[in-house]
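Chain residues, written in single-letter form:
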Amino acid sequence: MEALRAKYTDAGQAHVFTYWDTLSPTEQHELQEQLEAIDPQRLNETVKQALEADEAARNEKQAKVDPPPADSVVSTVDNAAEEAHFRNVGLDAIGRGEVGVLLLAGGQGTRLGSSAPKGCFDIQLPSGKSLFQLQAERIAKLEQLAAKHANKERVVVPWYIMTSGPTRKPTEDFFAQHNFFGLDKANVIFFEQGTLPCIANDGKIMLDAKSRVATAPDGNGGIYAALRAPLAKGSDSSVIKDLEARGIKYVHAYGVDNCLVKVGDPVFVGVCVAKQVPLGVKVVQKTDPAESVGVVAQKNGAFSVVEYSEIPKELSEARDANGDLLLRAANIANHFYTTDFLAREVPAFEAKMAYHVARKKIPAVDLADGERKKPESPNGIKMELFIFDVFPFCPKLAIHEVARREEFSPLKNASGTASDNPETSRRDLLAQQRRWLDKAGARVADGVDVELSPKVTYAGEGLEGVQGRSFDQTQNVESL
């Protein structure tokens, strides 16, 4: 304890021990454990770096923003031959057991009116399946397709699921209650994103209670550190070690809230493997200059995701010879990594990635009277990294453009809102499957919704059995 106190005193953060003598032994133990996990001097440096970067960004004259180099972009939109080529390259890698998938699932469904993890949400499909179930069944189908492609009895695509503190237990419980949706639980690995202390406007660590530091999630960019963290308290294993032990060379990472996501997409994997890049990003085409979406571009000569607000109006509206927007690679939080990049390259530059600052109203203990108070104006900052903050440190990046209607329908807002809600997710998924049925020669009556289970098809393949068939009632098809 003396050493711990001295460490916090040297860092100017000794106030965290203000109420130590009033705490019960249990509370003292909990606070000590929390404080031991924090390096206060390193935290001070991180805060300084984040504030300086925030100030520089606000005072920065217009950054030089350019479209990404043409040789970094591969579009498979309306290009069946090229798509088939890359699919085969991807299936080769999956068939060799070299591909894993990584799910960002730390969010709660608060904006959806739910207290459960977002992946538990039911978008009111005929089957009543949750987002987690849809994704699990896509993995199972992908394993089947890859096994057939490789002429093997079985192929495993391990699923790494990053939760947050509030979503860890409910997510694990949900999977257990549903028997891991038919997957082998040994191949479903849960881990947790980190947190950072909340910092008061005067630079001091904030207390959420007399025995507890106020913390907040470190953003989806915290995934890089979380991959190296112990999988459980006292464990020697980590996601990185598990990837390496399994011989996984490539990882597809995606967000939980996209009902159209192609989990472990062999086409995307194939693009990145063929181009021999350590990092890839999947994008959809931005067609409206006013759409509030970040785009993958080059900022001051380095790859970056440039926010809508950072782009001058004339540049955001500029078009190429084909009439397409120059800055059109809309980011959808869908990435490819080599395991080597995650294990060795990211740690080498990670300390240079400045955290983003969010000024917030943070409930905290007032050291003047010991009362926990809710402020009326921002009294501190929360810091977070974004998953794309690695882009500027990567000179070689593959940008894979796909059709929005086939691959991107985010679930952000509650029912009845203008966009990105359960109704639009349900509509977009069922519209896609109607297109698959039409192409396969089936007839679906007007006003009828037919849901095709991922057990039936991963991306529209294998539907020869519906040719000539008529669907006159809304239904879920689990087998053909």
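The name an unreviewed UniProt entry gives the chain is UDP-N-acetylglucosamine diphosphorylase, with Malassezia obtusa as the organism. According to the UniProt record, the Pathway (unreviewed entry) comment for the chain is "Nucleotide-sugar biosynthesis; UDP-N-acetyl-alpha-D-glucosamine biosynthesis; UDP-N-acetyl-alpha-D-glucosamine from N-acetyl-alpha-D-glucosamine 1-phosphate: step 1/1." Taken verbatim from the UniProt record of the chain, the Sequence similarities (unreviewed entry) comment is "Belongs to the UDPGP type 1 family."

For helix α4 (residues 80-95), which comprises 16 residues, the first-to-last C-alpha distance of 22 Å matches the rise-based estimate of 22 Å (1.5 Å per residue) to within 8%. When we look at burial in α4, the residues that qualify are Phe 86, Gly 90, Leu 91, Ala 93, Ile 94 and Gly 95. Packed against the buried residues of α4 are β2 (73-75), β3 (99-104), α5 (131-150), β11 (250-255) and α9 (266-274). Gly 97 occupies a position one or two residues after α4 and carries a positive phi of about 75 degrees.

Take the side chain of Glu 407 next. Topologically, Glu 407 is positioned in helix α12 (residues 404-407). Among the polar contacts made by the side chain of Glu 407, one reaches the side chain of Lys 282 at a distance of 2.6 Å. Beyond its immediate sequence surroundings of up to four residues, Glu 407 is in contact with Asn 258, Leu 260, Val 261, Lys 262, Asp 265, Lys 282 and Val 402.

Below, the discussion takes up helix α3 (residues 40-59). Taking 1.5 Å per residue as the helical rise, α3 with its 20 residues ought to reach 28 Å, and the 29 Å between its terminal C-alpha atoms agrees with that figure. Taken together, the buried positions of α3 are occupied by Pro 40, Leu 43, Thr 46, Val 47, Ala 50 and Asp 54. Projected down its long axis, α3 shows its buried positions confined to an angular sector of 110 degrees, all on one face. Residues of α3 that are exposed and point over 90 degrees away from its buried face: Lys 48 and Asn 59. Turning to α3, the residues buried within the fold contact α1 (2-10), β6 (195-197), β7 (199-200), β16 (356-360) and β19 (380-384). Where α3 begins, the capping side chain belongs to Asp 39, and its oxygen is found 3.2 Å from the backbone nitrogen of Gln 41.

Strand order across the open sheet formed by three strands is β7-β19-β16, with antiparallel pairing between neighbours. Two strands close off the open sheet at either side, each with one partner strand: β7 and β16. Relative to β19, β7 runs antiparallel, the two being bridged by two bridges. If you follow Ile 199 over to β19, its bridge partner there is Ile 381.

Definitions and limits used
- Once a new chain begins, its residue numbering starts again from 1 and follows that chain's sequence as written.
- Reporting of local features is limited, given that this is a predicted model, to residues whose pLDDT is at least 70; pairs of side-chain atoms are given and counted only at 80 or more, and all residues count toward the totals for whole chains, interfaces and linings.
- In computing side-chain values, all of the structure's heavy atoms are included and hydrogens and water are not.
- UniProt positions are given in the numbering used here, feature names are shortened, and annotations may be inferred rather than shown by experiment.
- Numbering goes from the N terminus for both helices and strands, where a helix is a DSSP run of H or I of at least four residues and a strand is a run of E of at least two.
- Between the first and last residue of a helix there are one fewer steps than residues, each counted as 1.5 Å, and that sum is the expected span.
- The classification of residues rests on relative accessible area computed with a 1.4 Å probe and restricted to protein chains. Under 20% of the type maximum is buried, over 50% is exposed, and intermediate values are partly exposed.
- Contacts are assigned to residue pairs that have any heavy atoms within 4.5 Å of one another.
- Within 3.5 Å is the distance limit for a polar contact, defined as a pair of N or O atoms, with the added protein rule that one can donate a hydrogen and the other accept it, and that residues adjacent in sequence qualify only through two side-chain atoms.
- Read the arc as the range of directions from the helix axis to the C-beta atoms.
- Only strands that DSSP links by at least two bridges are regarded as paired with each other.

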